[in-house]
Amino acid sequence: MHILSSLWTTSFLLFFALSVSSVWALHESEAGVVDWQKTFIGVPRTDGPRSAPSFLRMKAKGNDTTSLIISASERTLGAVNPVDGSVAWRHIFEPSHPILGYYKSGNVVATLSGVGGSVLHVFDSLEGTIIHEKRLHHSQNGQLYSQRTLGVDVTFGAPRTAGHEAKDLFVLTNGQTVHRIGGTRGDLLWSWTAPEQTSLVILERLTVTDSTIYAIGLAKSFASYTLHVTALSAETGELLTTQNIPSNIQNGSDDFLMLFPPTSEDPRLVWIEKGVVRSVALTPKLTSKPQSLRGSGNTKILDVGLSKHGMFIVKKEDGSATVFKLNQNTFESIWDFADSATSSKYSDSIYAGSVDKEGKPYIGRMYWSFGLQAGVLHVFTPHLLEGKGLVSGFSFPFKTDDNGIINHYALDVVNPDRLKVLSRIVVTTTTGAVQLWLEEKVQWTREESLSTIAVAEFVELPERKAIQSGTTESEGFVGRVLRHISDAQGFPQYLAGFVKRFATASYASVSAAISHDSGLHRDEFGFKKIIVAATEHGKIFGIDSSNGHVVWSRVLGLGPVADAGGLIVPLKMFAVKTVSDGEAPQVVLLTALRGFDGTVNTVVYHINALTGKDEANNSPKGDILQGTVVFPGQPSEAYLLPSKVKTIILLDSANNIHLYPHTEANVQAFAELAPSLRFSLQTSGHTLHGYQIVQGASDKSAFSAHRTWSLSLPNNEVVGSVIRPAQGPIASLGKVLGDRSTLYKYLNPHLFAVTTVSKASADGVCSVYLVDGSKGSVIYHASVASTRGTCNIQAELTENWLVYGYYDEDFAGDHQTKGYRIVSVEVYEGKGVNDKTSSSELSSLSDKTLDIHFYERSFETNQPVTALAATLTKFGMTTKNMIIATKKNQIQSIPRRLLDPRRPKADPTAQQQEEMLIKYDPVLPADPRLVVSHRYEVANVRKIITSPALLESTSLIFAYGLDLFGSRVTPSGTFDVLSESFNKAQLVLTIGGLTLAIAIARPMVNRKKLKERWFQ
Amino acid sequence: MSPFLFLLLLGLSVFSNALDLKGAIVWNQLCPDAKTLGQAKAILDDGSNYYASITRDGSFVIPDVPKGTYVLNIVARNYLFDQYRIDVVDTLSAPEARPYLPGTPLSSTANSHVTIAHPLKVYPRFKNEYFVPKQSFNVMGMLQNPMIMMMGAVGVMVVAMPYMMKNLDPEQLKEVQQSQARMVNMQSSITSGDLSGIRSMFTEGSDNVGSSSATPSTPVKNRGKKKR
């Protein structure tokens, strides 16, 4: 142990000593100033009560109670502070183990995740730490049901020993197995699996009393279901009875619920059958007879989470709702919600229950009023007015144009006064926003859809216009004097600023925050840009790249499928107008609009990047953003035409070409360019095709794509991703070596990289290819062994530099080890140095395009790469660093020097030292100072985009995934601004000292001179 | 009895090719508790199949690890842990764990005699330091700058030189004057670009006094006169 640690320490120290000179790192004072991070918990799933947001009240220190909003998305369990909307804690689950549901009980929250609920987690609800993690079955043994959340449940039992606080958990998994897990130690006490012959029964719900545990299931019979109850001994897991209850359930688990009447020992099972509500008391022997609630014509029973109070809601055929309560053994209708029948004046109501601090129940009803254009909430308080009940309500100005439609809400009520009921609700909307309303005021909004960004683009801001004073020709003398006086008003301020700037060292600095009062204008160094980001929830955002604030947001309209509903899948985003065009920058978002009616349309949204305004003028003012349907069907590929007239070329599935914007000028420009255009796309799984553009014979404005080449990859490989090189200026065509010879970069503009995934499940092979897109020839190919059938190759191509990362499991060889690899490849022209083929200007038809050689180095890292991108600067002169996102939820900037494929294996010679090459070391250092995201957690990054700033030294980066992160990096240091180590005080002191020295020395010298004259 | 035996055998056959790998993080000053550690997990290899979360008490259980050789790593954002080579030989005996240094061949660890008892105890080794301290201005630092020190030395010399000269022995003084004259001569020949002059100076060396004194520089001469 000791040897190891000392080894570690030495290697670490050695590394630090080596790298200290080459590392650029952040200062602590710059954290949060030059960068920002936004934490998300993911869009809450509202398809079931087990994942939608809910209030949880728990004991904090002492006797205080505190509440959090618990919410589960696909892969994140999060707790949000209801006061300010900040994330109190969260837990991110593995991609293979999505959350099925969460179950809360005071100070613990339990989750089931994975297929059939294979893993149980128990969290401390205050801190979010894991108390227990228990795997209940292997994922492979999980049962898949039509609905993923079917057949799993958790319920909390009584503590095993009195005085011990941790409650035992009863867990139902796979629809057939019941486990009892000790609350204190997390051990499995017993487990019971339904016998094979009853596998037609899917158990769905658990209900526990002191002695007995009831598992309620549904047995599939002809065209309907029958309720099935299994009673187990809570102590031993022994089967007591199992029985079908004569019933006829139509809609599965929506049609039954459990009640725990406060006055009775036995829980009661309530279900709806042919318009009649029926119920049966559950006893260990299951001997009770079912009884019916009088009245028929009911359509639905709703569980509002008040089963402990014996309350539930029954909906009639006309939509009107009645609150029922179980008293002893009789059901009592305690409240009819007035005007709750379906109407054209308001939307269908959503009901929710709540329990306050004292344990008193409340029931809320919310609907959208078309007349008021506002949401309305009614809260029914059963215990007020001597038990007669009271309804209080208010309307709240929910903005559907900004946030879509309310999907779900959770209610939290306090009753501070006898007749006063204060309520707050947390609503989840179709656009993925989570909002807290305190009565009619919105307290905070979390735009959780930002965790689902599909495409994003940096857009440069325009310069601030110099303020023009009115210099008109006819200005008289008095006018001019007055104008000068008014202009001079700013002079004292300017003077004060000048003096201050002179006296103190407050310069525009790279590490300074950007002032935000200037509006949407470019700052001095161009660090402030707009990131336009389109999410999977039909909303597009404009984000300030300097602080991550949302500048504008628009809800995307569904256009042709507005009635049927649909899903907007953002595919690509293009900046069609930039600041250099002299207009407000504009972006075009290309989407595939998938209607729920089965139609697919290609829709583009044309947006002003500064304001979010519709530039195509499709949408009425103040309404949601409507797009333009370009053609029906899915687009197979889209490009931005590389010309002055920024036109988007879209290809439909029949290889016809569509232009957007479709104007006469654009068609003309395109027709001129068309003969020289070549592009490639992937059609079937393992084939890549190259195309040429052909003008229609009869219709000159119709173009189509004509296949010129095909590249078939091996049958067991499927194209995973196609990486096109980052568009940026290339500063130099070659690299001058230490011996004054030059290596010429291979800069074929058609070059792109392809990564493949393995089709075969075992011992498959994945590959990385560099393909010349004009001819389909493979320039570089590397095969990577797959890890148990999967390989996750991440690659980035910039100029002539390809970097890819993967996991290598093979350690059979002598000097092999398992681990993550990062491979760096550089392609150069010709056979060696000074061999120039001018690849960047070479005709695609030239046979010299294959005249290349390359350098390659592989590095080992302990950082699994989830996304990588090269930095991009204004003129491309600055070294390019690789920005990588790791599974440690961090963003790193790996210096180019470390990844240089020409790093020598021997000690560098003088010439190599001149090139700043350092000796090859197979291990990439895990230096924390390379982590640009420092203390921030940037989880599940899917993509990193980079953009140049006005300063050549600086590149802006934006990483998105579950979290968002923005920062700026300077791969070669800030060489174009005053260095931060520049010390004004030192300069002033030195000059002062010199002045002083002169003042002292001058009389001495004068005296000496005089003496010399005197004595000569 | 026999069905029971059968069940037992069945159970054995199901679990015979895998075991649970147990371990715990030992809290220390670097990382005192699970809340400080944050969300963390223990992974084998790339963590795609075998992994476990670190629970509140630091423990973890990676279930059903089949026979094979693995690298155990603790993935935590702000902390660095030791890595281990884990060999699951058979399910009846505990897995073998050996310290493993990243970047070294995995095979080199196989013969290591340092084995670690199962359940593993894992220690946080480093807390990541993401920042470099900012260079702040200090007067001492500035004064320690070689340039500043040289300037100071020159200043002192300017003031002190005449007094030193005064106290020097006449013989020594002459020597100093000569060497100074040679220096000046060399400087002037460098500025005039006459390299042969320097070469001749080096070749002639110290023995040829006459040639060097043939071109004495005036300021030195003046100073010398003045002192007499």
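Residues numbered from 1 in each chain as written. Chains lettered and ligands numbered in written order. Predicted model: local features only at pLDDT ≥ 70, side-chain atom pairs only at ≥ 80, totals over all residues. Heavy atoms only, no water.

1. Here's the deal with the overall build of chain A
Then comes step 1: Along its length, chain A carries 9 helices and 63 strands.
Then comes step 2: Its C-alpha atoms give chain A principal-axis dimensions of about 130 × 80 × 80 Å.
Then comes step 3: Expressed as a percentage of the 1016 residues in chain A, the buried residues total 53%.
Then comes step 4: Sequence-distant contacts, at least 24 apart, represent 52% of the contacts inside chain A between residues at least 6 apart.
Then comes step 5: A total accessible area of about 46300 Å² is found for chain A, and carbon and sulfur atoms account for 54% of it. (Helix = DSSP H or I, 4+ residues; strand = E, 2+ residues; numbered from the N terminus. Buried < 20%, exposed > 50% of the residue type's maximum accessible area, 1.4 Å probe, protein only. Contact = heavy atoms within 4.5 Å. Areas by Shrake-Rupley, 256 points an atom, 1.4 Å probe, with all protein chains shown as cover.)

2. Examining the overall build of chain B
Then comes step 1: The secondary structure content of chain B amounts to 8 helices and 10 strands.
Then comes step 2: Here chain B holds 228 residues, and 33% of them are scored as buried.
Then comes step 3: Once local pairs closer than 6 in sequence are excluded, the contacts in chain B between residues at least 24 apart make up 54%.

3. Re the nonpolar core
Then comes step 1: Of all hydrophobic cores here, the largest spans 27 residues; its most connected members are Leu37(B), Leu44(B), Phe60(B), Ile62(B), Leu72(B) and Ile86(B).
Then comes step 2: Elements supplying a minimum of two residues to this core: β1 (18-25), β2 (41-44), β4 (59-66), β5 (68-75), β6 (79-81), β7 (83-88) and β9 (120-122) of chain B.
Then comes step 3: Aside from chain neighbours lying at most four places away, what touches Leu37(B) is Ile25(B), Trp27(B), Cys31(B), Ile54(B), Ala76(B), Tyr79(B) and Phe81(B).
Then comes step 4: Among the nonpolar cores identified, the runner-up in size contains 23 residues, and Ile92(A), Ile543(A), Leu951(A) and Leu962(A) belong to it. (Core = buried A, V, L, I, M, F, W, Y, C linked by side-chain atoms within 4.5 Å.)

4. Topic: the domain arrangement of chain A
Residues and elements named next belong to chain A.
Then comes step 1: In terms of domains, chain A is made up of domain 1 (636-712), domain 2 (716-861) and domain 3 (983-1016).
Then comes step 2: Taking only C-alpha atoms, the centre of domain 1 and the centre of domain 2 are 27 Å apart.
Then comes step 3: Buried surface at the junction of domain 1 and domain 2, summed over both partners, amounts to about 1000 Å²; 62% is from carbon and sulfur atoms.
Then comes step 4: Considering only the side of domain 1, the residues that lose the most area to domain 2 are Arg678, Leu688 and Trp709, jointly responsible for 45% of the buried surface there.
Then comes step 5: Counting every contact that joins domain 1 to domain 2 gives 0 salt bridges.
Then comes step 6: Taken together, the links from domain 1 to domain 2 amount to 3 residue pairs in polar contact (both at pLDDT 80 or more).
Then comes step 7: Counting residues per element, the ones that place at least two in the side of domain 1 that touches domain 2 are β45 (678-682) and β47 (703-712). (Domains from an automatic or database assignment. Buried area = accessible area lost by both parts, 1.4 Å probe. Salt bridge = Lys/Arg side-chain N within 4 Å of Asp/Glu carboxyl O. Polar contact = N/O pair within 3.5 Å; in protein donor to acceptor, adjacent residues only side chain to side chain.)

5. Comments concerning the packing of aromatic side chains
Residue and element names in this part refer to chain A.
Then comes step 1: Across all of its chains, the model carries 26 aromatic pairs over all chains by this definition.
Then comes step 2: Between tyrosine 780 and phenylalanine 854 the ring centres are 5.2 Å apart and the planes differ by 85°, which places this aromatic pair in the edge-to-face class. A residue pair is termed long-range when its members are at least 10 positions apart, and tyrosine 780 in strand β53 (residues 777-785) and phenylalanine 854 in strand β57 (residues 852-861) qualify at 74 residues.
Then comes step 3: Look at phenylalanine 854 and you get partly exposed, because its relative accessible area is 36%.
Then comes step 4: The residue whose ring lies beneath arginine 365 is tyrosine 346, and the NZ or CZ to ring-centre distance is 5.8 Å.
Then comes step 5: Above the face of the tyrosine 639 ring, lysine 572 is positioned so that its terminal group lies 5.3 Å from the ring centre. (Phe/Tyr/Trp six-rings, centres within 6.5 Å; stacked < 30°, edge-to-face > 60°. Lys NZ or Arg CZ within 6 Å of the ring centre and 35° of its normal.)

6. Quick look at the interface of chain A and chain B
Where interface size is given, it is often the accessible area lost as the parts come together that is meant.
Then comes step 1: Listed per partner, the contact involves 65 residues of chain A and 59 residues of chain B.
Then comes step 2: Approximately 5300 Å² of surface area, both sides summed, lies buried where chain A meets chain B, with 59% of it carried by carbon and sulfur atoms.
Then comes step 3: Scanning the region where chain A abuts chain B turns up 4 salt bridges.
Then comes step 4: The partner of Glu94(A) in a salt bridge is Lys41(B), with the nearest N and O atoms 2.4 Å apart.
Then comes step 5: Viewed at the interface, chain B and chain A are joined by 16 residue pairs in polar contact (both at pLDDT 80 or more).
Then comes step 6: For the side of chain A that touches chain B, the secondary structure elements donating two or more residues are α1 (2-19), β5 (87-92), β8 (119-124), β9 (130-135) and α9 (984-1015) of chain A.
Then comes step 7: With 7 residues, the single largest contributor to the side of chain A that touches chain B is α9(A).
Then comes step 8: Residue classes in the side of chain A that touches chain B are distributed as 22 nonpolar, 24 polar and 19 charged. (Nonpolar A, V, L, I, M, F, W, Y, C, P; charged D, E, K, R; others polar.)

7. What about the sheet that holds strand β56 (residues 819-829) of chain A?
Residue and element names in this part refer to chain A.
Then comes step 1: If you trace the 4 strands from one edge of the open sheet to the other, you get β54-β55-β56-β57, paired in antiparallel fashion. Of all the strands in the sheet, the pair left with one neighbour each is β54 (794-798) and β57. Pairwise comparison of adjacent strand axes, ignoring direction, gives a mean angle of 15° for this sheet. (Pairing = 2+ DSSP bridges. Axes fitted to C-alpha atoms, helices over the stretch in contact; angles between N-to-C directions.)

8. Considering the sheet that holds β9(B)
Residue and element names in this part refer to chain B.
Then comes step 1: The strand order across the open sheet built from 3 strands is β4-β1-β9, with neighbouring strands paired in mixed fashion. This sheet does not close on itself; its edge strands, each paired only once, are β4 and β9. In this sheet, neighbouring strand axes are inclined to one another by 30° on average, regardless of whether the strands run parallel or antiparallel.
Then comes step 2: Note: β1 against β4, 6 bridges, orientation antiparallel. Across the sheet, residue alanine 18 finds its bridge partner in β4, namely proline 66.

9. Details of empty space enclosed by the protein
Residue and element names in this part refer to chain A.
Then comes step 1: This model, assessed by the stated rule, comprises 6 cavities of 30 Å³ or more.
Then comes step 2: Quantified by volume, the largest cavity comes out at close to 80 Å³.
Then comes step 3: Taken together, 13 residues form the lining of the largest cavity, with Phe527, Ser545, Ser546, Leu956 and Ser967 sitting closest to its centre.
Then comes step 4: For the lining of the largest cavity, the per-class residue count stands at 8 nonpolar, 4 polar and 1 charged. (1 Å grid on protein atoms, 1.4 Å probe; cavity = no way out; pocket = protein on both sides within 12 Å on 5 of 7 lines; lining within 4 Å. Points joined across faces, edges and corners; volume = space filled by probe spheres on them.)

10. Considering helix α4 (residues 146-167) of chain B
Then comes step 1: Along its 22 residues, α4(B) runs 29 Å from first to last C-alpha, staying within 8% of the 32 Å computed at 1.5 Å per residue.
Then comes step 2: The largest bend in α4(B) is about 50°, located at Ala160(B), with the proline Pro162(B) one to four residues further on. (Expected span 1.5 Å × (residues − 1). Bend = angle between axes of the 7 residues up to and from the residue.)

11. Remarks on the pairing of β5(A)
Then comes step 1: Sheet topology places strand β4 (residues 76-80) of chain A next to β5(A); 5 bridges connect them, and they run antiparallel. Each bridged residue has a counterpart across the sheet, and for Ala79(A) the counterpart in β5(A) is Trp89(A).

12. Looking at the confidence of the model for chain B
All names here are of chain B.
Then comes step 1: Scored by pLDDT, chain B comes out at a mean of 74, with 72% of its residues at no less than 70.
Then comes step 2: Per-element averaging of pLDDT across chain B places helix α1 (residues 2-15) at the bottom with 40 and strand β3 (residues 51-53) at the top with 92.
Then comes step 3: Between residues 1-15, whose pLDDT stays under 50, and residues either more than four places distant or in other chains, the model counts 1 contact.
Then comes step 4: For residues 204-228, every residue scores under 50 in pLDDT, and the model assigns this stretch 15 contacts once sequence neighbours within four places are set aside.
Then comes step 5: With pTM at 0.85, the complex prediction returns an ipTM value of 0.82. (pLDDT = per-residue confidence, 0-100.)

13. Here we look at the side chain of Asn298(A)
Residue and element names in this part refer to chain A.
Then comes step 1: Assignment of secondary structure puts asparagine 298 in strand β22 (residues 298-302).
Then comes step 2: Here the side chain of asparagine 298 touches lysine 316 through a polar contact of 3.2 Å, side chain to side chain.
Then comes step 3: Not counting residues up to four positions away in its chain, the partners in contact with asparagine 298 are Ile272, Gly275, Val276, Val277, Val314, Lys315 and Lys316.

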